[in-house]
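# Structural overview
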Amino acid sequence: AQSVTQPDIHITVSEGASLELRCNYSYGATPYLFWYVQSPGQGLQLLLKYFSGDTLVQGIKGFEAEFKRSQSSFNLRKPSVHWSDAAEYFCAVGRVNRDDKIIFGKGTRLHILP
Amino acid sequence: DTAVSQTPKYLVTQMGNDKSIKCEQNLGHDTMYWYKQDSKKFLKIMFSYNNKELIINETVPNRFSPKSPDKAHLNLHINSLELGDSAVYFCASSQDGNTEAFFGQGTRLTVV
């Protein structure tokens, strides 16, 4: 069965520091992978996605993620965070087959210290 | 132009009432979804429709009934509301069910 694990419920980093949010997935083949961001009181916005090809994916707002098949991971990174990056981040596994489900991780809340 | 729009944004109602949440997308997508986000921010899919056909129907009480009059609309009707139904409900759409989903702003439902 598909599953997504985000091991960190909360992460706190200082403004200007680098960031890595972890995501591990379970799927029988190469899944479609996504990272979304949710600011307080808002809907989810897509940061980036991986379907195939280059395993390092660039997204919006300076984010990138790397797909590592051997580790079943799709970690999100940013070299230097800004206070406006404080939000909830969700990793998701998309559907490859019709009967698959889009599964979201439980989210990681990012706090930024001034 | 809002891509996925939900109404209302806030909904406060009493237990036992029946309410509906409307969703419309102007992206020309074939697939639409309803998600429930609980107080711990956990997102769970409830339903998925593709071209008005129900594709995914998770274990959701049958008090929840989605209705898709056309592929641009997916409404959610909830009967006999209970306290536990309080949550944020998100509508989303995607091109073909395999690609990324675009989310509405959410409807915060509070049952009192």
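Higher on the page you've got the structure.
Throughout what follows, the structure given in this document is the object of discussion.

Definitions and limits used
- Residues numbered from 1 in each chain as written.
- Chains lettered and ligands numbered in written order.
- Predicted model: local features only at pLDDT ≥ 70, side-chain atom pairs only at ≥ 80, totals over all residues.
- Heavy atoms only, no water.
- Helix = DSSP H or I, 4+ residues; strand = E, 2+ residues; numbered from the N terminus.
- Polar contact = N/O pair within 3.5 Å; in protein donor to acceptor, adjacent residues only side chain to side chain.
- Contact = heavy atoms within 4.5 Å.
- Buried area = accessible area lost by both parts, 1.4 Å probe.
- Salt bridge = Lys/Arg side-chain N within 4 Å of Asp/Glu carboxyl O.
- Nonpolar A, V, L, I, M, F, W, Y, C, P; charged D, E, K, R; others polar.
- Buried < 20%, exposed > 50% of the residue type's maximum accessible area, 1.4 Å probe, protein only.
- Pairing = 2+ DSSP bridges.
- Axes fitted to C-alpha atoms, helices over the stretch in contact; angles between N-to-C directions.

## Points about the side chain of Gln-6 of chain A
All names here are of chain A. On the secondary structure map, Gln-6 appears in the loop between strand S1 (3-5) and strand S2 (10-14). Looking at Gln-6, its side chain comes within polar contact range of the side chain of Thr-108, at 3.3 Å. Discounting chain neighbours no more than four positions away, the residues touching Gln-6 are Arg-22, Trp-35, Tyr-89, Phe-90, Cys-91, Gly-105, Lys-106, Gly-107 and Thr-108.

## Quick word on the interface of chain B and chain A
Taken together, the contacts link 20 residues of chain B with 22 residues of chain A. Between chain B and chain A the total buried area reaches about 1900 Å² when both faces are included, carbon and sulfur atoms providing 53% of it. Counting across the interface, chain B meets chain A through 1 salt bridge. Here Lys-49 of chain A makes a salt bridge to Glu-100 of chain B, at a shortest N to O gap of 2.8 Å. At the boundary of chain B and chain A, one finds 3 residue pairs in polar contact (both at pLDDT 80 or more). Those elements giving two or more residues to the side of chain B that touches chain A turn out to be strand S4 (31-37), strand S5 (43-50) and strand S6 (53-57) of chain B. Here the side of chain B that touches chain A is composed, by residue class, of 10 nonpolar, 6 polar and 4 charged.

## Remarks on the pairing of strand S11 (residues 107-111) of chain B
Residues and elements named next belong to chain B. Burial of the side chains of S11 is restricted to one face: Thr-107, Leu-109 and Val-111 are buried, whereas none of Arg-108 and Thr-110 on the reverse face is. Two elements, strand S2 (residues 10-13) and S11, share 4 bridges in a ladder whose sense is parallel. Each bridged residue has a counterpart across the sheet, and for Thr-13 the counterpart in S11 is Val-111. Summarising the sheet, strand S9 (residues 87-94) and S11 pair through 3 bridges and their orientation is antiparallel. Paired with Val-88 across the two strands is Arg-108, which belongs to S11.

## Side note on the pairing of strand S9 (residues 73-78) of chain A
Residues and elements named next belong to chain A. Burial analysis of S9 places 5 of its 6 residues in the buried class, which makes it a mostly covered element. As defined by bridge partners, strand S3 (residues 19-21) adjoins S9 across 3 bridges and the pair is classed as antiparallel. Across the sheet, residue Leu-21 finds its bridge partner in S9, namely Leu-76. Pairing between strand S8 (residues 64-68) and S9: 5 bridges, direction antiparallel.

## Describing the environment of Leu-46 of chain A
Of note, Leu-46 of chain A is situated in strand S6 (residues 44-50). Beyond its immediate sequence surroundings of up to four residues, Leu-46 of chain A is in contact with Phe-34, Trp-35, Tyr-36 and Ile-60 of chain A together with Glu-100 of chain B.

## Description of the sheet that holds strand S1 (residues 4-7) of chain B
Residue and element names in this part refer to chain B. Taken in spatial order, the 4 strands of this open sheet run S1-S3-S8-S7, and their pairing is antiparallel. A strand with exactly one partner marks an edge of an open sheet, and here the two such strands are S1 and strand S7 (64-70). Taken over all neighbouring pairs, the strand axes of this sheet differ in orientation by 20° on average, direction set aside. Where S7 lies against strand S8 (residues 73-78), 5 bridges are found, and the strand directions are antiparallel. Pairing of Asp-70 across the sheet is with His-73, part of S8.

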